[in-house]
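# Descriptive structure summary
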Amino acid sequence: MVTAVEMNAFSAAAGVSLNQISLLVRTILSAIFLLWAAWNVYGQLQLMQNNALDIHDFPMSILRILFLCALMVIVVFVS
């Protein structure tokens, strides 16, 4: 764990607080994850259009992707 003295020293030297850097990193990782999720949804749509995926399996796969997105947002942005 980082002490208050170390946080203040880092903030003075870097010009940014650790909380701001943490938020930036979490936001970037969340954006990458959401792009991955969108790519998976697109892939599922393509599979369904090519008759490689049944219409009854499609909602469950989309539900799993949406559940992972909701979990990612909760883990990343709820403190």
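Anyway, here's the lowdown on the structure attached to this text. Keep in mind the model is a prediction, meaning the values are calculated, not measured.

A few words on a nonpolar patch on the surface. Taken together, the side chains of Phe10, Ile21, Leu24, Val25, Ile28, Leu29 and Ile32 make up a nonpolar region of the molecular surface, amounting to roughly 600 Å² of accessible area. When residues in the nonpolar patch are grouped by element, the largest group, six residues, is from helix H2 (residues 18-49). Mapped onto the elements, valine 25 comes out in helix H2.

Moving on, we come to the nonpolar core. Listed in full, the six residues of the largest apolar core are Phe33, Ala37, Ile65, Cys69, Met72 and Val76. Among the elements of the structure, H2 and helix H3 (58-77) are those that each provide at least two residues to this core. Here this core gets four residues from one element, more than from any other, and that element is H3. Not counting residues up to four positions away in its chain, the partners in contact with methionine 72 are Leu29, Ser30 and Phe33.

Here the focus is the environment of cysteine 69. For cysteine 69, the position within the fold is in helix H3. With 37 residues separating them along the chain, cysteine 69 and isoleucine 32 place their C-alpha atoms 11 Å apart.

Considering all chains together, one arrives at two aromatic pairs under this definition. Centroid distance phenylalanine 33 to tryptophan 36: 5.3 Å. Interplanar angle 35 degrees. Geometry classified as tilted. Here phenylalanine 33 pairs with tryptophan 36, and both are found in helix H2, just three residues apart, close to one helical turn. Judged by relative accessible area, which is 18%, phenylalanine 33 ranks as buried.

Take the side chain of glutamine 44 next. Here glutamine 44 is to be found in helix H2. Judged by relative accessible area, which is 18%, glutamine 44 ranks as buried.

Reading the values: rules and limits
- Residues numbered from 1 in each chain as written.
- Predicted model: local features only at pLDDT ≥ 70, side-chain atom pairs only at ≥ 80, totals over all residues.
- Heavy atoms only, no water.
- Patch = residues over 30% accessible without salt bridge, like charges linked within 9 Å, V, L, I, M, F, W, Y side chains within 5 Å.
- Areas by Shrake-Rupley, 256 points an atom, 1.4 Å probe, with all protein chains shown as cover.
- Salt bridge = Lys/Arg side-chain N within 4 Å of Asp/Glu carboxyl O.
- Helix = DSSP H or I, 4+ residues; strand = E, 2+ residues; numbered from the N terminus.
- Core = buried A, V, L, I, M, F, W, Y, C linked by side-chain atoms within 4.5 Å.
- Buried < 20%, exposed > 50% of the residue type's maximum accessible area, 1.4 Å probe, protein only.
- Contact = heavy atoms within 4.5 Å.
- Phe/Tyr/Trp six-rings, centres within 6.5 Å; stacked < 30°, edge-to-face > 60°.

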